[in-house]
Amino acid sequence: MVAVEMPRRGVSTQDFAKEIMENHPELVGVCLNINKNTTNVIYGEKTIVLKGREYIFEKIKDLRFKISATSFFQINTEQAEKLLDVIDEMICRDAPSGRLYNVFLDAYCGTGLISLCLAKYANKVIGIEEIKQSIDDAIYSARDNGIRNTKFILGKVENKIKEILENEKPEIVILDPPRAGCTKKILENIINSNVKRIIYVSCNPTTLARDLDVLCRDAPSGRLYEIKSIQPLDMFPHTYHIECVCLLERI
Ligand SMILES: C[S@@+](CC[C@H](N)C(=O)[O-])C[C@H]1O[C@@H](n2cnc3c(N)ncnc32)[C@H](O)[C@@H]1O
């Protein structure tokens, strides 16, 4: 992505796109996204490709990921590898090699970064994501990398998780929500399931603290989780933002 000045008056969007591509040969395309809503959601549903293509490929940990213009992907790719190392270590806490889980659930899976990098540890990995473009990218990347044990489901976590917990019985759940965190209902669904281990990846310590409080104290059934470790990671250097990865286990 590059920052450019607004087009001069009278210059068409096509000519503007052509000019940007000529001035920045490293670009693969110029897209126009239309968002008429004034909410905190950045992208609207419609994206028009003005020039070139609307996706790139990124390599992380020997895997190649397709990332479309409106799909989520960790922008700090070096630190993303460290994030995966931290999750990897938490997943392998009890057994350092081999398939550890029958099913693991990657809620808020985006373009499948965590699902695909850690698919080797489970017989089946299920990802849930609400953006269709991201799900399509995740399915593409799974095929592209020859990974056959992943299933990506389009939808909101709050609408899908109960059924998946009941039917698929994952032993481990990865939660990587946006800054708003998880709804209480989602956390209660997990508390009332048989999930043994949760790895909560958070870009907002405030909502992380709120959600950990629910997971560790609020359970009506008394079957609670305890925090085993929390690892902060600097994904956004020179800003006050901090990513945290938290491992929880059922007591
Ligand atoms: C912080 S990103 C994490 C993505 C992925 N785990 C990664 O590391 O690349 C959160 C993702 O959750 C998706 N998302 C946000 N709210 C959602 C919801 N209610 N249900 C399903 N997906 C949601 C966003 O579109 C985004 O892709």
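Residues numbered from 1 in each chain as written. Predicted model: local features only at pLDDT ≥ 70, side-chain atom pairs only at ≥ 80, totals over all residues. Heavy atoms only, no water.

Draft legend 1. Layout of the side chain of Glu243. If you trace the backbone, Glu243 turns up in strand β11 (residues 243-250). Notably, Glu243 is buried but unbridged: the nearest opposite-charge side chain belongs to Arg179, and the N-O separation is 7.6 Å. Among all residues touching Glu243, those that are not within four sequence positions of it are Asp176, Val201, Ser202, Cys203, Gln231, Pro232, Leu233, Met235 and Phe236. (Helix = DSSP H or I, 4+ residues; strand = E, 2+ residues; numbered from the N terminus. Buried < 20%, exposed > 50% of the residue type's maximum accessible area, 1.4 Å probe, protein only. Lys, Arg positive; Asp, Glu negative; His and termini not counted. Salt bridge = Lys/Arg side-chain N within 4 Å of Asp/Glu carboxyl O. Contact = heavy atoms within 4.5 Å.)

Draft legend 2. View of the packing of helix α5 (residues 157-168) against helix α6 (residues 184-191). Look at α5 against α6: their axes get within 9 Å of each other, and the N-to-C directions meet at 5°. With respect to each other, α5 and α6 are oriented roughly parallel. Mapping the contact onto sequence places Val157, Glu158, Ile161, Lys162 and Leu165 in α5 and Ile186, Asn189 and Ile190 in α6. Partitioned by chemical class, the residues of the contact of α5 with α6 number five nonpolar, one polar and two charged. (Axes fitted to C-alpha atoms, helices over the stretch in contact; angles between N-to-C directions. Parallel < 35°, antiparallel > 145°, perpendicular 65-115°, else oblique. Nonpolar A, V, L, I, M, F, W, Y, C, P; charged D, E, K, R; others polar.)

Draft legend 3. How the structure looks around the site of the ligand. Taken together, 17 residues lie near the ligand, and Gln74, Glu129, Val157, Glu158 and Asp176 sit nearest. The contact in question runs from an oxygen atom of the ligand to an N or O atom on the side chain of Gln74, over 2.9 Å. Within the backbone of Glu130, an N or O atom sits 3.2 Å from a nitrogen atom of the ligand. Elements that contribute at least two residues to the shell around the ligand include exactly α3 (113-117) and α5. Among the residues making up the shell around the ligand, the classes are represented as nine nonpolar, three polar and five charged. (Near = heavy atom within 4 Å. Polar contact = N/O pair within 3.5 Å; in protein donor to acceptor, adjacent residues only side chain to side chain.)

Draft legend 4. Inspection of the nonpolar core at higher detail. Formed by 38 residues in total, the largest nonpolar core has its most connected members in Phe65, Ile87, Ile91, Ile199 and Val245. No other element matches the seven residues that helix α2 (residues 77-91) contributes to this core. Not counting the four nearest positions on each side in its chain, Phe65 is found in contact with Ile56, Phe57, Glu58, Ile60, Phe73, Thr111, Gly112, Leu113, Leu116, Cys117 and Ser141. The next biggest cluster of nonpolar side chains, apart from the first, holds 30 residues, and it includes Ile128, Leu165, Val173 and Val214. (Core = buried A, V, L, I, M, F, W, Y, C linked by side-chain atoms within 4.5 Å.)

Draft legend 5. Molecular detail of helix α1 (residues 13-23). Inspection of α1 places Phe16, Ala17, Ile20 and Met21 among the buried residues, and these make up the whole buried set. Angularly, the buried residues of α1 cover 135° about the axis, an arc narrow enough to put them on a single face. Projecting away from the buried face of α1 at angles above 90 degrees are the exposed residues Glu22 and Asn23. In this structure, the buried side of α1 is in contact with β1 (29-34) and β2 (46-52). (Arc of directions from axis to C-beta.)

Draft legend 6. Main features of the pattern of salt bridges. Counted under the stated rule, the structure contains 13 salt bridges. For Glu168, the salt bridge is made with Lys151, and the minimal N-O distance between the two is 3.9 Å. Residue Glu168 is found in helix α5, and its partner Lys151 is found in strand β7 (residues 150-154); the two are separated by 17 residues along the sequence. Given the relative accessible area of 22%, Glu168 is considered partly exposed. Classification of Lys151 as partly exposed rests on a relative accessible area of 38%. In the salt-bridge network here, residues are joined through shared partners; they are Lys124, Lys151 and Glu168.

Draft legend 7. Here's a closer look at the confidence of the model for the protein. Considering every residue of the protein, the mean pLDDT works out to 91; 93% of them sit at 70 or more. Within the protein, no element has a lower average pLDDT than α1, which sits at 90, and none a higher one than β7, at 98. (pLDDT = per-residue confidence, 0-100.)

Draft legend 8. Region of interest: the packing of aromatic side chains. Inspection of the entire model under this criterion finds three aromatic pairs. For the pair Tyr55 and Phe57, a centre-to-centre distance of 5.7 Å together with 80° between the ring planes defines the contact as edge-to-face. Given a relative accessible area of 27%, Tyr55 falls into the partly exposed group. Arranged with centres 5.6 Å apart and planes meeting at 50°, the rings of Phe65 and Phe73 form a pair that is tilted. In this structure an aromatic cluster arises from ring pairing among Tyr55, Phe57 and Tyr140. The aromatic ring of Phe57 is capped on one face by Arg64, whose charged end is 3.8 Å from the ring centroid. (Phe/Tyr/Trp six-rings, centres within 6.5 Å; stacked < 30°, edge-to-face > 60°. Lys NZ or Arg CZ within 6 Å of the ring centre and 35° of its normal.)

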